[in-house]
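# Breakdown of the fold
Residues per chain, in single letters:
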Number of protein chains: 2
Amino acid sequence: MTHEAKEKFNKLREEGYRITSQREQLLEFFYNLPDGEHLSAEEMHKKLTEKGIKISLATLYRSLKFLVINGFIRELDFGEDHKHYELKGPDNKQHQHLICNSCGLTVEFEDKNLYDYAIKIAKRNNSFEIRDYQFKIFGLCEKCRGLT
Amino acid sequence: MTHEAKEKFNKLREEGYRITSQREQLLEFFYNLPDGEHLSAEEMHKKLTEKGIKISLATLYRSLKFLVINGFIRELDFGEDHKHYELKGPDNKQHQHLICNSCGLTVEFEDKNLYDYAIKIAKRNNSFEIRDYQFKIFGLCEKCRGLT
DNA sequence: TTTCGTGCAAACCATTTGCAGCAGC
DNA sequence: GCTGCTGCAAATGGTTTGCACGAAA
């Protein structure tokens, strides 16, 4: 967990939220995840349990929502029946995804111009306040292209 | 329904798919929708029924999938508990969305450079074959910004 | 006539919720 | 001690599926 994240937690505590061990350990878990790994809630629950971290599925869902709303992580939808979650990077170097509709493969890419672009669009629309921006390219990966 | 869409249907028929009245009427329904309207399956089912178009919810879901896979419409996820569907525009003038996390308001925007950008990214990644690209900006709209 | 698609109702399954007990602060 | 958070189990609700019948081709 970064210094910045700790400060954010303190601020939330002052606002009346409680920093429980579940919330702390969950965020810590995200920081220890390999870069670009985006798990579903169920997968996460399994890994957390394996690590000895005790948290119920219900609390996990509630904590994920808590972390999303407060800008620690982001929620991704790849067109599957479940959501994925990953640590949120700095706004201007947030990575994005290519998603294969056939095998589900996801590949990350990063582009620093995308954030400036998002800001421009947001300004044009009554100064919309950006919380996250997602660019997704759906299609067929190299492997699946040959099969269809 | 456009000429192009009809040709696409004929091609599918030759491939062994059946062009049922449900599939035809559903696509026609999309063409008659106001520009930028993206309904959920349930909303759509209600509207179709009101129009006197008989289609069960199950078939609607199956037909939507059929139309998505074959590139007639696109499936959108705004972080709610259901998907939205809308007619797919030409690749290079596909509109994108700003989504308010608080009230659910969505605003469309269009940018012709975005497609070129998607192509560039796709080329860099083993010539990934693009089926759809979605740029979404999540955040707070003008109205909700004041409330939080 | 041969499949493929549809309608119905039941099943699925990720996510949410009510409630009683527990833990931050 | 007060109040928000957690765990459990049950509920929810959008979406999917099995099966028998109906309709494209």
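Residues numbered from 1 in each chain as written. Chains lettered and ligands numbered in written order. Predicted model: local features only at pLDDT ≥ 70, side-chain atom pairs only at ≥ 80, totals over all residues. Heavy atoms only, no water.

Moving on, we get to the sheet that holds strand E3 (residues 95–100) of chain A. Reading across the sheet, the six strands line up as E4(A)-E3(A)-E5(A)-E5(B)-E3(B)-E4(B) and stay open at both edges, with mixed pairing between neighbours. Two strands lie at the open edges of the sheet, namely strand E4 (106–110) of chain A together with strand E4 (106–110) of chain B, each paired on one side alone. Along the sheet, successive strands turn relative to each other by an average axial angle of 25 degrees, direction set aside. Strand contacts of helix H5 (residues 113–124) of chain A: E3 and strand E5 (129–140) of chain A together with strand E3 (95–100), E4 and strand E5 (129–140) of chain B, with the helix running at about 120 degrees to E5 of chain A, the strand carrying the most contacts. (Pairing = 2+ DSSP bridges. Helix = DSSP H or I, 4+ residues; strand = E, 2+ residues; numbered from the N terminus. Axes fitted to C-alpha atoms, helices over the stretch in contact; angles between N-to-C directions. Contact = heavy atoms within 4.5 Å.)

Ranked by size, the top nonpolar core spans 32 residues in total, and within it Phe135 and Ile137 of chain A together with Phe135 and Ile137 of chain B carry the most contacts. Contributions of two or more residues to this core are made by E3, H5 and E5 of chain A together with E3, helix H5 (113–124) and E5 of chain B. Contact partners of Phe135 of chain B, with chain neighbours within four places excluded, come to Leu114, Tyr117, Ala118, Tyr133, Gln134 and Phe135 of chain A together with Gln96, His97, Phe109 and Leu114 of chain B. (Core = buried A, V, L, I, M, F, W, Y, C linked by side-chain atoms within 4.5 Å. Buried < 20%, exposed > 50% of the residue type's maximum accessible area, 1.4 Å probe, protein only.)

Next up on the list: the packing of helix H2 (residues 21–31) of chain B against helix H3 (residues 41–50) of chain B. All names here are of chain B. The contact between H2 and H3 brings their axes to 12 Å, and the two run at 100 degrees. Compared by their axis directions, H2 and H3 come out roughly perpendicular. Between H2 and H3, the contacting residues are Leu26, Phe29 and Phe30 on the first element and Met44, Lys47 and Leu48 on the second. For the contact of H2 with H3, the residue count by class is five nonpolar, no polar and one charged. (Parallel < 35°, antiparallel > 145°, perpendicular 65-115°, else oblique. Nonpolar A, V, L, I, M, F, W, Y, C, P; charged D, E, K, R; others polar.)

The topology assignment puts Gln22 of chain B in helix H2. Remark: the alpha-carbon pair of Gln22 of chain B and Lys54 of chain B, spanning 32 residues in sequence, is separated by 7.5 Å.

Applying the stated criterion to the full structure yields eight salt bridges over all chains. Close ionic contact of Lys83 of chain A with Glu75 of chain A constitutes a salt bridge, the shortest N to O distance being 3.8 Å. Residue classification places Glu75 of chain A among the partly exposed residues on the basis of a relative accessible area of 27%. Here Arg74 of chain B makes a salt bridge to Glu86 of chain B, at a shortest N to O gap of 3.1 Å. Residue Arg74 of chain B is located in strand E1 (residues 73–76), and its partner Glu86 of chain B is located in strand E2 (residues 84–87); the two are separated by 12 residues in the primary sequence. One salt-bridge network, in which partners are shared between bridges, spans Arg74, Glu86 and Asp132 of chain A. (Salt bridge = Lys/Arg side-chain N within 4 Å of Asp/Glu carboxyl O.)

Another point: the layout of surface pockets. By volume, the largest pocket is sized at about 1,200 Å³. Considering the residues around the largest pocket, the lining is formed by 45 residues, among which Gly79 and Asn101 of chain A together with Val68, Ile69 and Glu75 of chain B are closest to the centre. Top contributing element to the lining of the largest pocket by residue count: E5 of chain B, with six residues. Around the second largest pocket, the lining is made up of 39 residues, and of these Val68, Ile69, Glu75 and Arg131 of chain A together with Asn101 of chain B lie nearest the centre. Those elements giving two or more residues to the lining of the second largest pocket turn out to be helix H3 (41–50), helix H4 (57–69), strand E1 (73–76) and E5 of chain A together with E3 and E5 of chain B. It is E5 of chain A that provides the largest number of residues to the lining of the second largest pocket, a total of seven residues. Grouping the constituent residues of the lining of the second largest pocket by class yields 15 nonpolar, nine polar and 15 charged. (1 Å grid on protein atoms, 1.4 Å probe; cavity = no way out; pocket = protein on both sides within 12 Å on 5 of 7 lines; lining within 4 Å. Points joined across faces, edges and corners; volume = space filled by probe spheres on them.)

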